Amino acid sequence: MGGIVFKGRDIISIRDFSGEELLYVLSIARRMEQRPQPALMKGRIMASMFFEPSTRTRLSFTAAMKRMGGDTIGFAKGEVTSTKKGETLWDTVKMIEAYSDVIVIRHSLEGAARLSAEAASIPVINAGDGTNQHPTQTMIDLYTIQKEIGKLDGITIGFLGDLKYGRTVHSLAIALSHFKAKMYFISPTALKMPEYYLDELEQKRVTFHETDDVLKALKHLDVLYVTRIQQERFADPLEYEKFKNVYKVGPDILNGAKKSLIVLHPLPRVGEIDPALDEFPNAAYFRQAANGIPVRQAVLSLVLGAVK
Ligand code: NCD
């Protein structure tokens, strides 16, 4: 596609990508899924710097790299690095860029990925920075919706749960604004979508509604995107206790929904989805997690200039 350049690029915020660029990433991911590339990353090293817990993101980035013949170095918690001795993030990144070809970073502070990208001359991929953004999860979510529903254009999506602190919701809502999606934001008032995201969506002329009742939105939805209440972001543990069990999605929700509804969740789930839902074809969250491999393969090989 003319004019789309990924080589050498950082993946920090979903705002940095046009709708056309996002579709391009999805097309490369589809290619990766159909035709695996076991030697594409031979001789390349990915460094993963994870200062916050992760299962899917870290391991699927690692598996994606290894399945393309590449290698990985890194750490799964900050305490084992010299940050513990007081080294700055900037200096840590300066070291790691000398040891690798691409950096994947997760950090609890908003803006940490952007700072790392300024420090590094190699591509930096944001694997989640605080409550801010998680752009590669969004690419996985888009890929899953496109694959399961057959399109992105004009879909109706309901975001359920912790919309205040959930970075995957923040990234996905902005991404779907390119595709004329209609949105329902379903949460307790205290955990609603931040005002500045709503302002941004309004400016992009997105149609959205806010409610605390999933049943009000359900019949309209093509996608129900469930999220956990983000315990680690609460300043007051008692506040978390108040909200931790507010929603529980089980097979009964399928009664009031379109037959074709898909339920997504970036995972981990901690009680907000009843495992009894898993056996229904509408439950797409494990397929969504599996899509992490081709999508992250696409992202890595694009920024390293291995595919065009
Ligand atoms: C999410 C995250 O880390 O933001 N997990 C993931 O990457 N799939 C969601 C979450 O932690 O709730």
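Residues numbered from 1 in each chain as written. Predicted model: local features only at pLDDT ≥ 70, side-chain atom pairs only at ≥ 80, totals over all residues. Heavy atoms only, no water.

(A) Main features of the overall build of the chain. Helix and strand content of the chain: 11 helices and 9 strands. Taking the principal axes of its C-alpha atoms as reference, the chain extends roughly 55 × 45 × 40 Å. Counting over 308 residues, the chain shows a buried share of 56%. At a minimum sequence separation of 6, the contacts of the chain that also span at least 24 residues come to 72%. About 13500 Å² of surface is accessible on the chain, with carbon and sulfur atoms providing 52% of the total. When the 40 positive and 36 negative side-chain charges of the chain are each reduced to one mean point, those points stand 6 Å apart. (Helix = DSSP H or I, 4+ residues; strand = E, 2+ residues; numbered from the N terminus. Buried < 20%, exposed > 50% of the residue type's maximum accessible area, 1.4 Å probe, protein only. Contact = heavy atoms within 4.5 Å. Areas by Shrake-Rupley, 256 points an atom, 1.4 Å probe, with all protein chains shown as cover. Lys, Arg positive; Asp, Glu negative; His and termini not counted. Charge placed at Lys NZ, Arg CZ, Asp CG, Glu CD.)

(B) Spotlight on the layout of surface pockets. In this structure, the largest pocket occupies an estimated 390 Å³ of space. Every residue lining the largest pocket is counted, 21 residues in all, and those nearest its centre are Arg106, Arg167, Arg228, Leu267 and Pro268. Looking at the lining of the largest pocket, the elements that each hand over two or more residues are helix 2 (56–67) and helix 6 (167–176). Its residues assigned to classes, the lining of the largest pocket shows 4 nonpolar, 10 polar and 7 charged. (1 Å grid on protein atoms, 1.4 Å probe; cavity = no way out; pocket = protein on both sides within 12 Å on 5 of 7 lines; lining within 4 Å. Points joined across faces, edges and corners; volume = space filled by probe spheres on them. Nonpolar A, V, L, I, M, F, W, Y, C, P; charged D, E, K, R; others polar.)

(C) Spatial organisation of the pattern of salt bridges. Applying the stated rule across the entire model yields 15 salt bridges. Put simply, Asp16 and Arg114 hold a salt bridge, and the shortest N to O gap is 3.4 Å. Of this pair, Asp16 sits in the segment before helix 1 (19–34) while Arg114 sits in helix 4 (residues 112–119), placing them 98 residues apart in sequence. We classify Asp16 as partly exposed; its relative accessible area is 32%. Here Glu148 makes a salt bridge to Arg287, at a shortest N to O gap of 2.7 Å. A residue pair is termed long-range when its members are at least 10 positions apart, and Glu148 in helix 5 (residues 135–149) and Arg287 in helix 10 (residues 285–290) qualify at 139 residues. By relative accessible area, Glu148 is classed as partly exposed at 30%. Residues joined by salt bridges that share partners form a network here, namely Glu52, Arg167 and Arg233. (Salt bridge = Lys/Arg side-chain N within 4 Å of Asp/Glu carboxyl O.)

(D) Molecular detail of the side chain of Thr131. On the secondary structure map, Thr131 appears in the loop between strand 4 (124–129) and helix 5. Given a relative accessible area of 17%, Thr131 falls into the buried group. If sequence neighbours within four positions are ignored, Thr131 has contacts with Glu110, Tyr165, Arg167, His170 and Arg233.

(E) A look at the sheet that holds strand 6 (residues 182–186). Strand order in this open sheet of 5 strands is 7-6-5-8-9, and the pairing throughout is parallel. Every other strand in the sheet has two partners, leaving strand 7 (208–211) and strand 9 (262–264) as the edge strands with one partner each. Across the sheet, the mean angle from the axis of one strand to that of its neighbour is 20°, orientation sign disregarded. Examined bridge by bridge, strand 5 (residues 156–160) and strand 6 share 5 bridges and lie parallel to one another. Across the sheet, Leu160 pairs through a bridge with Ile186, a residue of strand 6. Strands strand 5, strand 8 (223–226) and strand 9 of the sheet are contacted by helix 5, whose axis makes an angle of about 165° with strand 9. The strands touched by helix 7 (residues 195–203) within the sheet are strand 6 and strand 7, with strand 7 carrying the most contacts at an inclination of about 155°. (Pairing = 2+ DSSP bridges. Axes fitted to C-alpha atoms, helices over the stretch in contact; angles between N-to-C directions.)

(F) Focus on the site of the ligand. Looking at the ligand, the residues that line it are Thr57, Arg106, His134, Gln137, Arg167, Thr168, Arg228, Gln230, Pro266, Leu267 and Pro268. A distance of 2.8 Å separates an oxygen atom of the ligand from a polar atom in the side chain of His134. For the ligand, whose unbound accessible area comes to 320 Å², protein coverage reaches 94%. Judged by the proximity of its atoms to the pocket grid, the ligand belongs to the largest pocket. A per-class count over the shell around the ligand returns 3 nonpolar, 5 polar and 3 charged. (Near = heavy atom within 4 Å. Polar contact = N/O pair within 3.5 Å; in protein donor to acceptor, adjacent residues only side chain to side chain. Sits in = over half its atoms within 2 Å of the grid points.)

(G) The arrangement of the environment of Tyr197 in detail. Relative to the helices and strands, Tyr197 is located in helix 7. With 101 residues separating them along the chain, Tyr197 and Ala298 place their C-alpha atoms 28 Å apart. In contact with Tyr197, not counting residues within four places along its chain, are Arg15, Asn132, Gln133, His170 and Ile174. A polar contact of 3.4 Å, which involves the side chain of Tyr197, links it to the backbone oxygen of Asn132.

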